[in-house]
Amino acid sequence: MRAGSRPGPWKRGPALAAPALLLGLLMLLHAKIPNRIGNLGSLVETFLPWFGLFVPVLLAGALWRRSASAVVALLLPVVVWLNLFAGLLGDKSRPGGDLTVASQNVDAGNPDPAATARDLAASGADVLALVELSERAKPVYEKGLTRAYPYHVVLGTVGLWSKLPLSETRPVYDGMDYGPLAATKPADVKLASTRALRTTVATRQGPLAVYVAHLGSVRVNPRAGFSTAQRDRGAQALGKAVAAEKNGRVVLLGDLNGTLDDRAFAGLTSRLRSAQDVAGDGFGFSWPAKFPVARIDQVLVRGVTPDRSWVLPATGSDHLPVAATISW
């Protein structure tokens, strides 16, 4: 009698089937999650790949309950996750390449910038972008990188070191300095706080426009939610600058303080490709260095072909360096 009264496998585990369906819908419709309340949509998109970890947890529960309905319901999140991220799995790199670029947020509080400079110089990159340069550390990097990189420019807290000549360097408005008092600030004050620059690298294949940017930080707190206002203004301003760029060959390097799944970067991702997406191996997480959970340090390109993209070993910063080889 007890055996006959037990629910069948299709009726067991409704408490597991419902979360499985909701998980699939969350990932499928992430772009529809509104940002009006605490930028919830952007927060979900920042950590979107990690929602896949709920699948094995729910699967274990479904198998324990012997629930056929829960197992079938899990097909939705599995298919959605694979549709979103399966292209990142596996090595898509290929041999060759004309130029290697690298980028790192070197961390203003880095305890040993000289060691970081040595590690980055040993990377073999032809073009090296550094952001979050402090006044104390700038001369250390200039001294440590000068032998490997005879050309360099530093504007505010961002800089570019190169084995090839540089020209046409200028600051890029990054949306950080706004409001009625912004226009009253002297030019030298604005330059000191510059967080984005544009320069031209003279390559054998012709001029290459390189942007280096460090967008505003984001914060998560119970009252304000996911605070991204400064970062979002910077992303919009940088997107406009790239849209107005006349050179067809463009590389954007730097710390964007967000993943490219975040809708805030639509103005950039509609015009630039991620080297990691095209030629990387895996997700290429870069932050935090001790246990990376997100790729917020980016190499984005237009008019050139990424041949390889990878994450370099830790250097003492709280970010891992990222690199890519590109060709014409």
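Numbering of residues starts from 1 in each chain and follows the order in which that chain's sequence is written. In view of the model being predicted, local features appear only for residues whose pLDDT reaches at least 70, and side-chain atom pairs are presented and counted only at 80 or more, with totals across whole chains, interfaces and linings using the full set of residues. The basis for the side-chain values is all heavy atoms of the structure; hydrogens and waters are excluded.

**Details of the packing of aromatic side chains**
Ring geometry is summarised as follows: Phe, Tyr and Trp rings, the Trp one being its six-membered ring, pair when their centres sit within 6.5 Å, and such pairs are stacked at plane angles under 30 degrees, edge-to-face over 60 and tilted between the two. Here the structure, examined in full by the defined rule, presents six aromatic pairs. Whether a charge sits over a ring comes down to the Lys NZ or Arg CZ being within 6 Å of the ring centre and within 35 degrees of the ring normal. In this arrangement the basic side chain of Arg 308 is found over the ring face of Trp 310, its NZ or CZ atom lying 3.9 Å from the centre.

**Some remarks on the side chain of Arg 302**
The secondary structure listing takes helices from DSSP runs of H or I that are at least 4 residues long and strands from runs of E that are at least 2 residues long, numbered from the N terminus. Topologically, Arg 302 is positioned in strand E12 (residues 297-302). In this scheme, a residue with accessible area under 20% of its type's maximum is buried, one over 50% is exposed, and one in between is partly exposed, where area comes from a 1.4 Å probe on protein chains only. Just so you know, the count uses Lys and Arg for positive and Asp and Glu for negative, and it drops His and the chain ends. Each salt bridge in this description consists of a side-chain nitrogen of Lys or Arg and a carboxyl oxygen of Asp or Glu lying within 4 Å of one another. Buried charge Arg 302 goes without a salt bridge, the closest partner of opposite sign being Glu 245 at 5.7 Å. Should any heavy atoms of two residues lie within 4.5 Å, those residues are considered in contact. Those residues in contact with Arg 302, other than ones at most four positions away along the chain, are Val 242, Glu 245, Asn 247, Gly 248, Arg 249, Val 250, Arg 271 and Leu 272.

**A word on the pattern of salt bridges**
Under the criterion given, the structure shown has seven salt bridges. Between Asp 232 and Arg 231 there is a salt bridge, and its shortest N-O distance comes to 2.9 Å. Just as Asp 232 is buried, Arg 231 falls in that class too. Between Asp 262 and Arg 231 there is a salt bridge, with its nearest N and O atoms 2.9 Å apart. Of this pair, Asp 262 sits in the loop between strand E10 (250-255) and helix H11 (266-269) while Arg 231 is found in helix H10 (residues 229-244), placing the two residues 31 residues apart along the sequence. Per residue, the accessibility class of Asp 262 equals that of Arg 231, and both read buried.

**Some details on the nonpolar core**
Nine residue types can take part in a nonpolar core, namely buried Ala, Val, Leu, Ile, Met, Phe, Trp, Tyr and Cys, and a core is a set of them joined through side-chain atoms within 4.5 Å. Leu 160, Leu 208, Val 210, Val 212, Val 251, Leu 253 and Val 299 are the most contacted members of the largest nonpolar core, which has 24 residues in total. Once residues within four sequence positions are removed from consideration, Leu 160 is found in contact with Val 127, Leu 128, Ala 129, Tyr 151, His 152, Val 153, Leu 166, Thr 199, Val 201, Val 210, Val 212 and Leu 253. Of all hydrophobic cores here, the second largest spans 19 residues; its members include Leu 23, Val 44, Val 55 and Ala 73.

**Details of a nonpolar patch on the surface**
Patch membership requires over 30% relative accessible area and the absence of a salt bridge. Like charges are linked within 9 Å, and nonpolar side chains (Val, Leu, Ile, Met, Phe, Trp, Tyr) within 5 Å. Computed with a 1.4 Å probe, the accessible areas rest on the Shrake-Rupley method; for each residue, only the protein chains presented here act as cover. Judged by side-chain polarity, Leu 22, Leu 25, Leu 28 and Leu 29 come together as a nonpolar surface patch covering roughly 380 Å² of accessible area. In this structure, Leu 25 sits in helix H2 (residues 14-28). The class for Leu 25 is partly exposed, based on a relative accessible area of 39%.

**Digging into the sheet that holds strand E5 (residues 166-171)**
Two strands pair under a simple rule: DSSP has to find at least two bridges between them. Read across the sheet, six strands follow the order E5-E6-E7-E10-E12-E11 without closing on themselves; strand pairing throughout is mixed. Of all strands in the sheet, those bounded by a partner on one side alone are E5 and strand E11 (273-274). Taken together, the six bridges between E10 and E12 define a ladder with antiparallel strand orientation. Its bridge partner being in E12, Gly 254 is matched across the sheet by Gln 298.

**Overview of the environment of Leu 82**
Mapped onto the elements of the fold, Leu 82 is located in helix H6 (residues 75-85). Among the residues examined, Leu 82 registers a relative accessible area of 42% and is labelled partly exposed. For the pair Leu 82 and Gly 52, spaced 30 residues apart in sequence, the C-alpha separation works out to 9.2 Å.

**Here's the deal with the pairing of strand E4 (residues 158-162)**
E4 sits mainly inside the fold: five of its five residues count as buried. Every second residue of E4 is oriented toward a common face, with Val 158, Leu 160 and Ser 162 on one face and Gly 159 and Trp 161 on the other, all of them buried. Summarising the sheet, strand E2 (residues 127-131) and E4 pair through five bridges and their orientation is antiparallel. The residue of E4 that forms the bridge with Val 131 is Val 158. Summarising the sheet, strand E3 (residues 151-155) and E4 pair through five bridges and their orientation is antiparallel. Within E4, the position partnered with Val 153 by the bridge is Leu 160. Connecting the antiparallel pair E3 and E4 is a turn made up of two residues, with Gly 156 showing a positive phi of about 65°.

**Looking at the sheet that holds E4**
Ordered in space as E3-E4-E2-E1-E14-E13, the six strands form an open sheet in which the pairing is mixed. Each edge of the open sheet is held by one strand with a lone partner, namely E3 and strand E13 (305-311). The sheet shows a mean angle of 15° between the axes of neighbouring strands, taken without regard to direction. What counts as an axis is a line fitted to C-alpha atoms, over the stretch in contact for a helix, and the angles between N-to-C directions run from 0 to 180 degrees.

**Here we look at H6**
Turning to H6, its buried residues are Pro 77, Val 80, Trp 81 and Phe 85. On an axial view of H6, the arc spanned by its buried residues comes to 105°, and they lie on one face. Facing away from the buried side of H6 by more than 90 degrees, the exposed set consists of Leu 75, Val 79 and Asn 83. Looking at the buried positions of H6, the neighbouring elements they touch are H2, helix H4 (54-65) and helix H5 (68-73). The directions from the helix axis to the C-beta atoms are what the arc is built from.

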